[in-house]
Amino acid sequence: MITSFLIDSLDRRGRIVVGLLVALALLVPAGNLLVPEGSAFHVSTYQLTLFGKYLTYALLALSVDLVWGYCGILSLGHGAFFALGGYAMGMYLMRQIGARGVYADPVLPDFMVFLNWKELPWFWHGFDMAWYALLMVILVPGLLALLFGWLSFRSRVTGVYLSIITQALTYALLLAFFRNDMGFGGNNGLTDFKDIVGFPIQAPGTRAALFAASALMLALGFVVASAVVRSKLGKVLVAIRDAESRTRFIGYRVEHYKLFVWTLSAVMAGVAGALYVPQVGIINPSEFDPAASIEAVIWVAVGGRGTLVGPLIGAVAVNFGKTWFTGALPEVWLYALGALFVVVTLFLPRGIVGLWDRVVSRRTKPAKEMDGSGRRAGEAA
Amino acid sequence: MRFLRLLAIVAALAAGLQPALAGRIADADLSARVAALGAGGFDEVETAITDLAATGDDRVPAILDRLGEGELMVRKADGAVFFADKAGKDYRLTDPVTGADAGPAPKATVEKIKVNNRIRRAIASAVGALTLMSPDPAVRRAAAEAVMKSADAAALPALEQAIAVETVPDIRAAMVAARATALLASDAPESDKVAAIAAIADLGSRDALGFLSGYTSADGAVGDAARKAAAAIESRLMLWDMGQNLWYGLSLGSVLLLAAIGLAITFGVMGVINMAHGEMVMLGAYATFTVQEVIRTSWPGLFDYSLLIALPVAFLTAALAGILIERSVIRWLYGRPLETLLATWGVSLILQQAVRSLYGANNREVGNPSWMSGSFSVGDIQVTWTRLWIILFALAVFLALIAVLKRTRLGLEMRAVTQNRQMAAAVGIRTPLVDALTFGLGSGIAGLAGVALSQIDNVSPNLGRGYIIDSFMVVVFGGVGNLWGTLVGALTLGVANKMLEPYAGAVLGKIILLLAIILFIQKRPRGLFALKGRAVEA
């Protein structure tokens, strides 16, 4: 029943996106595993892993869009939730290494043996079980977001102030995770993984499965986000984005709505991080870098915020560009990224999707004006 | 005879430090007097020691020290005196005056100069007199400090002598302390020892504390006195430590103030989130580097003034860059702070990469002018001139900015535009021009900060990144739109950071502070000194 409710919540464009993602989840692994090398339809393992990484970025972008595009909360610290989910998954993968590490300690990960620790810290217990790790992937970012959001929204910290303290939050976590005594591998982070739920992590089959999981999880995230924004709750969120005080004066408990969507978004980011880690094979504190979080925001801006398809397109397009530039013209990449920030905010406030809509609507309904919902006149100076 | 060896080393070091050989007599003269040591019985040896000591030659302590160790020998063939080092069954002889190798000697051909307790006392007092009573104050001070560290009861008579004639108060105090340590190590009566502990406690230094800690577990009156004295020194040192941390904190606070004060203009007064602010600081630092390079190659004599010349250059560079950014990007985004934030972040990436392309990715060396290098101490607090100048500079910039805002036409117009843009425009203020100039002013001040920071931080393309989050924290903590709030915020955060460091470590201290600010903003979303207003949404 819930499924049918969720499917019903999709519009035409959403159904296409979900259909595409499911098709990707089936066809790309098939292209990797079944199609022989040399065929035009063969997908190399490198491409598979790279694209799998893009899909987790897309899920992160979707989570940023959910709070920024629909509720006006510009988070400059969503990378923190992404990284926390990633660390939860990384801890599980570390425990799976067992005695195969360099120091061959059956319980302690290598870096703890190296630091001369005798016992597993309390927060590492339970991570040898997959179900517990998955629970933590959801709980840790979710609870942090709940606490942070509860404090912030209750005291009506809004606009740039909220942006700045989300940035401070991820910066504090960056510094914290760099410390060796924190017990998360310090500077080097967690890496050298071997197994995931009993399958060797480097095997083509596992990689294909992780890709499929990323595509399906993105599809699920899309459906959930779509259900949220198309419900009455979603309308209230847009109202809060456009005129927070008016919404409050009408009688809505603004902070409750914000808290809900904020926590949901953090959980989505955490799940994205958890899928990211086994595919790239490492998680380290650089994921907490404030610059990484801002980059996630620009994916959304490029694709088109306030649309659900936009972040997906933006994340894949910008990261494809990044991969290409840093390979071919590393000098130019920062210029290109910087220019992207400027050009998109100045000339494409609704991103690629907004541009597309404008072109289409001009062709089909030349008389109808754009509603300009990307703008928020007069709010939050 | 540990202390003799120490004193001999002190004398040798002092001799090495004085190439002028002021305290030396002719080699032949000294050789004759050394030879007298091997002349006969104890009485003759004692006379010879007194004779040697009377020369005041800085080679004598080493010779006497070897004599005391029984390593001075007479060659039976000619009666000459040598240092003798065991080499297998034989000895290897060295001339005590010139240090020249005199070849090996079978055991039967040499004879040890005999030493008894009377001779040992004579040696001790001669060496003590030579070092502790050396004409060179540096040698005396070093000797006193060496005795203090060695705490050897044998040094007492020499010290007594030296204290009696010492005139320099500092050195005398060091000798008194040395006597106290020697006294504690001796078998003197308890009342003398308690008095000695009081003398050491008067020093109040870390060395004294280290020395006393050896006696705090002792029984009786000595132990009690030592424990009390150690506690007193500890609390005194803790106060000085607090003072030192406070100074470090003020220094950090002044750096934060410099970095944040420009932001207080662009963010606080104009409401523009300029994520490229850190890059303005970086531009200022690179302007300083460029000015210094030009001076190094063309006018090396002006190097001491390079920072003064760099100030206007850095200000104008950063201000022009700021005005350019304002006119080309920010002015289209007024009233949309989140978009401004993203666009200026993009600008910051472009500026970083541009500087990296121009100057390379490595750190650049910016020199200290002579008037900024070195340090001095106030009590136990070390003060470096660089830090002191930066604190003064930060305050000067702050006061100048207040003066510009409160006393000039431009400042008046700035405040008018901030308070009510439409009304300001209506009374004829050209608001776009004021916007550009305000932004230029804020950016220029960031450039000035760059000049100061180039003295204490690495000048690299990432320089600005390190300051941007801290700067925002300062402005938000102090209260947006309030310059005095920025001053208080910067100093508070700087001092709090440095006060936390000894307990929590540098990184954890910073984390605690960041979390504290996050919580503080929950409590007072508009900062420490919020502007009062009636608007629902400021």
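Parameters and conventions
Residues numbered from 1 in each chain as written. Chains lettered and ligands numbered in written order. Predicted model: local features only at pLDDT ≥ 70, side-chain atom pairs only at ≥ 80, totals over all residues. Heavy atoms only, no water. Domains from an automatic or database assignment. Contact = heavy atoms within 4.5 Å. Buried area = accessible area lost by both parts, 1.4 Å probe. Salt bridge = Lys/Arg side-chain N within 4 Å of Asp/Glu carboxyl O. Pairing = 2+ DSSP bridges. Helix = DSSP H or I, 4+ residues; strand = E, 2+ residues; numbered from the N terminus. Axes fitted to C-alpha atoms, helices over the stretch in contact; angles between N-to-C directions. Parallel < 35°, antiparallel > 145°, perpendicular 65-115°, else oblique. Left-handed = near helix turned anticlockwise from the far one by under 90°. UniProt positions renumbered as here; feature names shortened; annotations may be inferred. Core = buried A, V, L, I, M, F, W, Y, C linked by side-chain atoms within 4.5 Å. Buried < 20%, exposed > 50% of the residue type's maximum accessible area, 1.4 Å probe, protein only. Patch = residues over 30% accessible without salt bridge, like charges linked within 9 Å, V, L, I, M, F, W, Y side chains within 5 Å. Areas by Shrake-Rupley, 256 points an atom, 1.4 Å probe, with all protein chains shown as cover. Lys, Arg positive; Asp, Glu negative; His and termini not counted. Charge placed at Lys NZ, Arg CZ, Asp CG, Glu CD. pLDDT = per-residue confidence, 0-100. Polar contact = N/O pair within 3.5 Å; in protein donor to acceptor, adjacent residues only side chain to side chain. Nonpolar A, V, L, I, M, F, W, Y, C, P; charged D, E, K, R; others polar. Phe/Tyr/Trp six-rings, centres within 6.5 Å; stacked < 30°, edge-to-face > 60°. Lys NZ or Arg CZ within 6 Å of the ring centre and 35° of its normal.

**As for the domain arrangement of chain B**
Residue and element names in this part refer to chain B. Its domain assignment divides chain B into domain 1 (2–70 + 113–188), domain 2 (72–112) and domain 3 (241–523). In this assembly, 15 residues from domain 1 lie in contact with twelve residues from domain 2. Carbon and sulfur atoms make up 63% of the area that domain 1 and domain 2 hide from each other, which totals about 1,200 Å². It is Arg66, Gly70 and Ile113 that lose the most area in domain 1 upon contact with domain 2, and together they represent 47% of the buried surface on that side. Across the domain 1-domain 2 interface, the total number found is two salt bridges.

**Here we look at the pairing of strand β2 (residues 81–87) of chain B**
Residues and elements named next belong to chain B. Sheet analysis places strand β1 (residues 72–75) next to β2, joined by three bridges and oriented antiparallel. In the strand pairing of β2, Met73 is matched with Phe82. If you look at the hairpin formed by β1 and β2, you'll find five residues sitting between the two strands, and Gly79 has a positive phi there, around 75°. Between β2 and the antiparallel strand that follows it, strand β3 (residues 90–94), lie two residues; Gly88 among them carries a positive phi value of about 65°.

**Concerning the packing of helix α6 (residues 130–154) of chain A against helix α11 (residues 254–280) of chain A**
Residues and elements named next belong to chain A. α11 packs onto α6 with a crossing angle of 150° between their chain directions and a minimal axis gap of 8 Å. The pairing of α6 with α11 is recorded here as roughly antiparallel in orientation. Note that α6 runs across α11; the crossing there is right-handed. Mapping the contact onto sequence places Val137, Ile138, Pro141, Gly142, Ala145, Leu146, Phe148, Gly149, Trp150, Phe153 and Arg154 in α6 and Glu255, Lys258, Leu259, Trp262, Thr263, Ala266, Val267, Gly270, Val271 and Ala274 in α11.

**Quick notes on the UniProt feature "transmembrane region" (unreviewed entry) in chain B**
Residues and elements named next belong to chain B. Per the UniProt record, "transmembrane region" (unreviewed entry) is found at residues 246–273, 305–325, 337–355, 388–405, 472–496 and 502–521. The span residues 305–325 carries 95% helix and 0% strand; its end-to-end C-alpha distance comes to 31 Å. Helix makes up 95% of residues 502–521 and strand 0%. Its end C-alpha atoms lie 26 Å apart.

**Considering the environment of Phe82 of chain B**
Along the chain, Phe82 of chain B turns up in strand β2. Taking the C-alpha atoms as reference, Phe82 of chain B lies 39 Å from Asp170 of chain B; in sequence the two are 88 residues apart.

**Notes on the nonpolar core**
Core analysis: the biggest nonpolar cluster contains 208 residues, and Trp68, Trp124, Leu190, Phe222, Phe288 and Trp299 of chain A together with Phe267 of chain B have the highest contact counts within it. Ignoring sequence-local partners within four residues, the contact set of Leu190 of chain A consists of Tyr87, Gly90, Met91, Met94, Phe111, Trp124, Phe184, Gly281, Ile282 and Ile283 of chain A.

**Overview of a positive patch on the surface**
All names here are of chain B. Together, Lys86, Lys89, Lys107 and Lys112 make up a region of like positive charge exposed at the surface. Counting through the fold element by element, Lys112 comes out in strand β5 (residues 110–112). Looking at Lys112, the relative accessible area reads 47%, which means it is partly exposed.

**A closer look at the confidence of the model for chain B**
With 93% of its residues at a pLDDT of at least 70, chain B reaches an overall mean of 81. Segment residues 17–22 of chain B is flagged for pLDDT under 50; beyond a separation of four residues in sequence, or across chains, it makes one contact in the model.

**Regarding the interface of chain A and chain B**
Across the contact, 47 residues belong to chain A and 45 residues belong to chain B. Broken down residue by residue, the surface that chain A buries against chain B is led by Tyr161, Ile164 and Tyr335 of chain A, which jointly contribute 16%. Remark: the boundary between chain A and chain B carries one salt bridge. Put simply, Arg305 of chain A and Glu339 of chain B hold a salt bridge, and the shortest N to O gap is 2.5 Å. For the pair chain A and chain B, the number of links is seven residue pairs in polar contact (both at pLDDT 80 or more). When contributions to the side of chain A that touches chain B are tallied by element, the ones reaching two or more residues are α6, α7 (159–178), α10 (244–250), α12 (290–303) and α14 (330–347) of chain A. No other element matches α7 of chain A, which puts 13 residues into the side of chain A that touches chain B. Residue classes in the side of chain A that touches chain B are distributed as 31 nonpolar, nine polar and seven charged.

**Things to note about the packing of aromatic side chains**
Applying the stated criterion to the full structure yields 30 aromatic pairs over all chains. Look at Phe325 of chain A and Trp333 of chain A: their rings are 6.0 Å apart centre to centre, the planes differ by 35°, and that puts the pair in the tilted class. When the ring of Tyr286 of chain B is compared with that of Tyr359 of chain B, the centres are 4.7 Å apart and the planes differ by 50°; the resulting orientation is tilted. Placement of Tyr286 of chain B in helix α12 (residues 277–298) and of Tyr359 of chain B in helix α14 (residues 337–359) is noted, with a sequence separation of 73 residues between them. Classification of Tyr286 of chain B by relative accessible area gives buried; the value is 2%. Through successive ring pairs, a cluster of aromatic residues spans Tyr87, Trp122, Phe123, Phe177, Phe184 and Phe288 of chain A. The residue whose ring lies beneath Arg154 of chain A is Trp150 of chain A, and the NZ or CZ to ring-centre distance is 4.5 Å.

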